[in-house]
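What follows is each chain in one-letter form.
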Amino acid sequence: MSDRTLWEQAQEAAAVVRSRCAVIPRIGIVLGSGLGPLAERISEPIIIPYDQLPHMPLSTVAGHSGRLLAGRLAGQDVLMMQGRVHYYEGYSPQQITLPIRMMQQLGVRVVIITNSAGGINKAFHTGDLMLITDHINFVGLAGAHPLRGPNDDRLGERFPDMSRAYDAELLELARRVGRQQGIRFREGVYAIVSGPSFETPAEIRMLRALGADAVGMSTVPEVVVARHGGIRVLGISLISNETVDSFEAAAQPSHAEVLEAGQASLPRLESLIEGVLQQLILN
């Protein structure tokens, strides 16, 4: 662990971005497993590998390239994370959320956070897009919380409100864009578990009983830190596999399936995100 405070780490990483970019975007995008090709749609990108950013954790998972891109997408200046790191890779919750802290220091006002998730709701199918309306933070509730420890008031208040973690105006904008484009998507609650193993049938039945519609191993720590820092959040899950809730089920989830589903559904996700960007007005 660095001897720098979170504030100092975020400032030092942000300083590198400022030194490379003539324009600092106010919109951030985080790409989940298999969704990295969206970065190719950025025009004239400035590309900064994570290993060139001080204190930045490096991804060890296939489908996460580990690059920060700054450029224009759908008429907006954006800062895009092509790949993320996860708690199960051995990093602390504070480390995996450092990119969001960096965005906060750069003045990002809105972040679109995407992921690939397993569908728990029986009405969901592989390839569906789900707008996240709420989450269940199993990892954080168990104690591995990104805000654990002394609070730095420069980053946010001690007890941030999570009752509206996913911005209502951004959700309505995404719904409107979906209707305009004829994109059918789901809405629901995302549950985070630590991973890296996929869930047992009993765990899936428990998650469903508790109100989860999809399950994954990311996103929620980033959302918590974004809200702690006053950043508005739009969350989108790609349902990359249907979870197994009984021993008799024939399906067996795999990371390869997750990446394959990402490739197949990418055009609809790209269209939705670009449509949101085209109509998003920042105050």
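Residues numbered from 1 in each chain as written. Predicted model: local features only at pLDDT ≥ 70, side-chain atom pairs only at ≥ 80, totals over all residues. Heavy atoms only, no water.

Caption draft 1: How the structure looks around the overall build of the protein. What the protein contains, in helices and strands, is eight helices and nine strands. Computed over its C-alpha atoms, the radius of gyration of the protein comes to 18 Å, within 12% of the 19 Å expected for a compact globule of 283 residues. Reported as C-alpha extents along the three principal axes, the dimensions of the protein are approximately 55 × 40 × 35 Å. A fraction of 83% describes how many contacts in the protein between residues 6 or more apart in sequence connect residues 24 or more apart. Summed over all atoms, the accessible surface of the protein reaches about 12200 Å², with 50% contributed by carbon and sulfur. (Helix = DSSP H or I, 4+ residues; strand = E, 2+ residues; numbered from the N terminus. Rg over C-alpha atoms; globule rule 2.2 N^0.38 Å. Contact = heavy atoms within 4.5 Å. Areas by Shrake-Rupley, 256 points an atom, 1.4 Å probe, with all protein chains shown as cover.)

Caption draft 2: Representation of helix H5 (residues 168–181) within the structure. With 14 residues, H5 should cover 20 Å at 1.5 Å per step; its first-to-last C-alpha distance of 20 Å lies within 8% of that length. Residues of H5 that are buried: Leu170, Leu171, Leu173, Ala174, Val177 and Gly178. Along H5, the residues classed as buried sweep out an arc of 160 degrees about the axis, all on the same side. Those residues of H5 that are exposed and angled more than 90 degrees off the buried face are Ala168, Glu169, Arg179 and Gln180. Where H5 begins, the side chain of Asp167 points an oxygen toward the backbone nitrogen of Glu169, at a separation of 3.1 Å. Positive phi appears at Gly182, one or two residues downstream of H5, with a value of about 70 degrees. (Expected span 1.5 Å × (residues − 1). Buried < 20%, exposed > 50% of the residue type's maximum accessible area, 1.4 Å probe, protein only. Arc of directions from axis to C-beta. Polar contact = N/O pair within 3.5 Å; in protein donor to acceptor, adjacent residues only side chain to side chain.)

Caption draft 3: Structural view of the side chain of His228. On the secondary structure map, His228 appears in helix H7 (residues 220–228). According to the relative accessible area criterion, His228 is buried, its value standing at 6%. Polar contacts involving the side chain of His228 include one to the side chain of Asn151, which spans 3.1 Å. Other than its neighbours up to four places away in sequence, His228 contacts Arg101, Leu147, Asn151, Leu155, Gly156, Glu157, Pro160 and Met162.

Caption draft 4: Just the packing of helix H1 (residues 6–20) against helix H3 (residues 98–106), in detail. Interaxial distance between H1 and H3 falls to 8 Å at its minimum, and their mutual angle equals 65 degrees. Considering their axes alone, H1 and H3 lie roughly perpendicular with respect to each other. Considering how the two elements wind past one another, H1 and H3 form a crossing that is right-handed. Seen from H1, the contacting residues are Trp7, Gln9, Ala10, Gln11, Ala13, Ala14, Val17 and Arg18; seen from H3, they are Leu98, Arg101, Met102, Gln105 and Leu106. Broken down by class, the residue content of the contact of H1 with H3 amounts to eight nonpolar, three polar and two charged. (Axes fitted to C-alpha atoms, helices over the stretch in contact; angles between N-to-C directions. Parallel < 35°, antiparallel > 145°, perpendicular 65-115°, else oblique. Left-handed = near helix turned anticlockwise from the far one by under 90°. Nonpolar A, V, L, I, M, F, W, Y, C, P; charged D, E, K, R; others polar.)

Caption draft 5: How the structure looks around the pattern of salt bridges. Evaluation of the coordinates by the stated rule reveals 14 salt bridges. Arg4 is the salt-bridge partner of Glu12, the closest N and O atoms lying 2.7 Å from each other. In this structure, Arg41 and Glu270 form a salt bridge, with 3.6 Å as the shortest nitrogen-oxygen distance. Here the residue Arg41 occupies a position in the loop between strand E1 (27–31) and strand E2 (43–49), and Glu270 occupies one in helix H8 (residues 255–279), the gap between them amounting to 229 residues. For Arg41, a relative accessible area of 42% puts it in the partly exposed group. Several salt bridges share partner residues, and in doing so they unite Glu172, Arg175, Arg179 and Glu187 into one network. (Salt bridge = Lys/Arg side-chain N within 4 Å of Asp/Glu carboxyl O.)

Caption draft 6: Expanded view of the environment of Asn137. Following the sequence through the fold, Asn137 ends up in strand E6 (residues 129–137). The class of Asn137 is buried, set by a relative accessible area of 11%. Sequence separation between Asn137 and Ile192 is 55 residues, and the spatial gap between their C-alpha atoms is 5.5 Å. Residues contacting Asn137, with those up to four places away along its chain left out, are His145, Ile192, Val220 and Val224.

Caption draft 7: View of H7. Extensive coverage of H7 is indicated by the burial of eight of its nine residues. Along H7, the residues that are buried comprise Val220, Pro221, Glu222, Val223, Val224, Val225, Ala226 and His228. Directly beyond the C-terminal end of H7, a positive phi value near 80 degrees is found at Gly230.

Caption draft 8: Local environment of unusual backbone geometry. Looking along the chain, the bond that leaves Gly195 and enters Pro196 is cis, with omega of 5 degrees. Mapped onto the elements of the fold, Pro196 is located in the loop between strand E7 (186–192) and helix H6 (201–209). Even without a glycine there, the phi angle at His55 is positive, about 70 degrees. Here His55 shows up in the loop between E2 and strand E3 (67–73). In this structure, Ala74 is a non-glycine residue whose phi angle is positive, near 55 degrees. When you line up the elements, Ala74 lands in the loop between E3 and strand E4 (76–82).

By themselves, these figures tell us nothing about what the structure is for.
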